[in-house]
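Each chain, letter by letter, is given below.
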Amino acid sequence: MPASTPLPRGVRIGYGSGSVATGAFGTVPGLMLLPYLTDSLGIAAIVAGVIVFLPKAWDVVLNPVAGRISDRTVDPRGPRRPWLLRAGLTLSVSFALIFAAPELGSRVAEAAWVLVAFLACATAYAFFQVPYVAMPAEMTSSYDERTRLMTWRVAILAFTIMLAGATAPVIRDAVGGRAGYRVMGVVMALIIAVGVISAYVGTRRAPVGTVEAGPGSLRDQLRIVATARDFRLLLTTFVLQALATGCMLAGVAYLAEDVLESTGAATVLFVCFVGPALLLTPVWSAVGGRVGKKAGYVASSLILAAGAALSVLAQVTPAWVVFAAVALVGVGYAGCQVFPMAMLPDAAAVDARRTGSNRAGVYTGVWTAGETLGLALGPGVFAVVLAIGGYRSSTSGDADVVQPDSALTAIVLGFSLLPAALTLLSLWWLSRYSLDATEVDA
């Protein structure tokens, strides 16, 4: 394990730049893919939800395998960095293909194109994301330095979410129709490539530490990881909150176009969401240094839940109230990224010190599998809510489709009360988490 001396600022920024890739991939499909399927390809909401969910479900299986492979990778650059470049560039190319479906004359064929391309994209993402998230546990042994490292990562993540989430709908609408989705996909693929290359180059001077993969089969290691109580509690909390975030991401376009009746509102919602997160990430880091990571995580979760719950007024209040509620969500979201991502390497490091075996890759694989599951289930659950509400799908060439009141109510509930309830529920597990600075730095 490398010493606990502070990391150079260039390494912090270099590592954090990987969030350009993870932020773009994590945001744009969650925001744009469900509307692309229902409102451009004319695919029924429930089928579209399955298409969005299946590739991410595959990642749930693949992520621990990717962690195991990166643990056992032997390379002069370290076990993680080579995967950033290999998988990251593959991720960029396959992302562009998701929205590039040609006119095949069949909804089934076009749906299959999206499914296969998204599956390829999800596979590449697993082999980028897992090694990337595993790196902090090996770059520093300091409890506080990991928080500082995550501050850079979350700040860049917030900026990327704002950039990608705000510009993707603008690009789509400026070009129009399916061509708009194609152009948007290429632009986002280029943004992903920038993040991949920046992370690879920026971490070339990062400490690697001694990486010795734990003994036994993957099943044996997964069984051991499952017995790590604090990791299990933290993971459950994070997965439920990822599910809540996934629901809100999936609902942005529907809330803007069908409830607020403004396509431009999608961009405003994203700026309201990410702007506070971008500004307040360092503040949450300072809060964690003063009151501890767990207390900071609880506080940020309560703020996120309050903002989501306030959004239930979307049908009966001026748009600015909804924008303010989403800004409150953004305040909480910043902390809900900083704290768990700083707590994860703590759990992996404590396990390595206790057992003498480094399972950071397996820990990270399980973690990212859980996060992926939550973010994948979000659009799927939102699609089910749409279907229950009687949402009417359409194609790009159709005239404007008038949604029934039940569909509008479903959009609002799926965007507001459902994510709020999930976030509050997650705190039951977080309340039982016990790792602190004394135990981590022992």
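Scroll up to find the structure.
Residues numbered from 1 in each chain as written. Predicted model: local features only at pLDDT ≥ 70, side-chain atom pairs only at ≥ 80, totals over all residues. Heavy atoms only, no water.

Enquirer: Lay out the overall build of the protein chain in plain terms, naming residues and giving numbers.
Expert: The secondary structure content of the protein chain amounts to 16 helices and zero strands. Here the protein chain holds 442 residues, and the buried ones make up 60% of them. Look at the contacts in the protein chain between residues 6 or more apart in sequence, and 85% of them connect residues 24 or more apart. Accessible area of the protein chain: about 15800 Å², with a carbon and sulfur share of 68%. (Helix = DSSP H or I, 4+ residues; strand = E, 2+ residues; numbered from the N terminus. Buried < 20%, exposed > 50% of the residue type's maximum accessible area, 1.4 Å probe, protein only. Contact = heavy atoms within 4.5 Å. Areas by Shrake-Rupley, 256 points an atom, 1.4 Å probe, with all protein chains shown as cover.)

Enquirer: A description of empty space enclosed by the protein should follow, citing residues and the corresponding values.
Expert: Enumeration over the complete set of coordinates arrives at six cavities of 30 Å³ or more. One number sums up the size of the largest cavity: a volume of about 360 Å³. Taken together, 25 residues line the largest cavity, and the ones lying closest to its centre are G26, Y333, Q337, E371 and L375. Listing elements by their share of the lining of the largest cavity, those giving two or more residues are α2 (18-39), α5 (107-139), α6 (143-175), α9 (229-259), α12 (319-355) and α13 (360-388). When its volume is computed, the second largest cavity comes out at roughly 140 Å³. Around the second largest cavity, the lining comprises 13 residues; the ones closest to its centre are M248, L249, V252, F273 and V329. Among the secondary structure elements, those contributing two or more residues to the lining of the second largest cavity are α9, α10 (265-291) and α12. (1 Å grid on protein atoms, 1.4 Å probe; cavity = no way out; pocket = protein on both sides within 12 Å on 5 of 7 lines; lining within 4 Å. Points joined across faces, edges and corners; volume = space filled by probe spheres on them.)

Enquirer: Tell me about the packing of helix α4 (residues 81-98) against helix α7 (residues 177-202), and please be specific about residues and values.
Expert: Two elements in contact, α4 and α7, have axes whose closest approach is 8 Å; the angle formed by their N-to-C orientations is 175°. When the axis of α4 is compared with that of α7, the two are roughly antiparallel. For the pair α4 and α7, contact is made by R81, L84, L85, G88, L89, L91, S92, F95 and A96 and by G185, V186, M188, A189, L190, I192, A193, V196, I197, A199, Y200 and V201, respectively. Tallied by class, residues from the contact of α4 with α7 come to 17 nonpolar, three polar and one charged. (Axes fitted to C-alpha atoms, helices over the stretch in contact; angles between N-to-C directions. Parallel < 35°, antiparallel > 145°, perpendicular 65-115°, else oblique. Nonpolar A, V, L, I, M, F, W, Y, C, P; charged D, E, K, R; others polar.)

Enquirer: Any details on the pattern of salt bridges? Residues and values, ideally.
Expert: Taken as a whole and assessed by the stated rule, the structure comprises five salt bridges. Between E257 and R172 there is a salt bridge, with the nearest N and O atoms lying 3.3 Å from each other. Here the residue E257 occupies a position in helix α9, and R172 occupies one in helix α6, the gap between them amounting to 85 residues. Among the residues examined, E257 registers a relative accessible area of 31% and is labelled partly exposed. Residue R229 is joined to D230 by a salt bridge in which the shortest nitrogen-to-oxygen separation is 4.0 Å. The exposure class of R229 is partly exposed, given its relative accessible area of 38%. The network of salt bridges with shared partners includes E103, E110 and R178. (Salt bridge = Lys/Arg side-chain N within 4 Å of Asp/Glu carboxyl O.)

Enquirer: Can you lay out the packing of α9 against helix α11 (residues 293-310) for me, pointing to particular residues and giving the numbers?
Expert: Relative to each other, α9 and α11 sit at 25°, their axes nearing to 12 Å. With respect to α11, the axis of α9 lies roughly parallel. The two elements α9 and α11 meet at a crossing, and its hand is left-handed. On α11, the residues that touch L234, T237, F238, Q241 and M248 of α9 are Y297, S301 and A308. Looking at the contact of α9 with α11, its residues break down into five nonpolar, three polar and no charged. (Left-handed = near helix turned anticlockwise from the far one by under 90°.)

Enquirer: Got a sec to walk through the side chain of R172? Specific residues and values, please.
Expert: Judged by its relative accessible area of 7%, R172 is buried. In this view, R172 contacts M32, G180, Y181 and E257; residues no more than four positions away in its chain are not counted.

Enquirer: With reference to specific residues and values, describe the environment of A44.
Expert: Topologically, A44 is positioned in the loop between α2 and α3 (45-71). The sequence separation of A44 and Y391 amounts to 347 residues, and the corresponding C-alpha distance is 8.8 Å.

Enquirer: Before we move on, can you summarise unusual backbone geometry with the specific residues and values?
Expert: The backbone of E261 sits at a positive phi, close to 55°, despite the residue not being glycine. Turning to its location among the elements, E261 is positioned in the loop between α9 and α10.

Enquirer: So what's going on with α11? Which residues, and what values?
Expert: If you check α11, its first and last C-alpha atoms are 26 Å apart, about what 18 residues at 1.5 Å a residue would give, namely 26 Å. By the burial criterion, the buried members of α11 are K293, G296, Y297, S300, S301, L304, A305, G307 and A308. The buried residues of α11 all sit within an arc of 165° when viewed along its axis, so they share a single face. (Expected span 1.5 Å × (residues − 1). Arc of directions from axis to C-beta.)

Enquirer: Account for the packing of aromatic side chains, with residues named and values stated.
Expert: In this structure the tally under the stated criterion is 15 aromatic pairs. When the centroid spacing of 5.3 Å and the interplanar angle of 35° are considered together, the rings of W83 and F127 count as tilted. Of this pair, W83 sits in helix α4 while F127 sits in helix α5, and the two are 44 residues apart along the sequence. With respect to class, W83 is no different from F127; both count as buried. Among the aromatic residues, those joined into a cluster by ring pairs are F25, Y36, F95, F99, F118, Y125 and Y181. Here the guanidinium or amino end of R81 rests over the ring plane of Y200, the centre of that ring lying 4.3 Å away. Geometry around W83 places R86 over its ring, the cationic atom sitting 4.9 Å from the centre. (Phe/Tyr/Trp six-rings, centres within 6.5 Å; stacked < 30°, edge-to-face > 60°. Lys NZ or Arg CZ within 6 Å of the ring centre and 35° of its normal.)

Enquirer: Which residues make up the environment of N63, and what are the values?
Expert: Position of N63 among the secondary structure elements: in helix α3. Using a relative accessible area of 2% as the deciding quantity, one classes N63 as buried. Along the primary structure N63 and Y125 are separated by 62 residues, whereas in three dimensions their C-alpha atoms are 9.2 Å apart.

Enquirer: Run through a nonpolar patch on the surface, naming residues and quoting values.
Expert: Taken together, the side chains of I46, V47, V384 and I388 present a nonpolar region at the surface, about 360 Å² in accessible area. If you list the elements that add at least two residues to the nonpolar patch, you get α3 and α13. The residue V47 is located in helix α3 in this model. For V47, a relative accessible area of 41% puts it in the partly exposed group. (Patch = residues over 30% accessible without salt bridge, like charges linked within 9 Å, V, L, I, M, F, W, Y side chains within 5 Å.)

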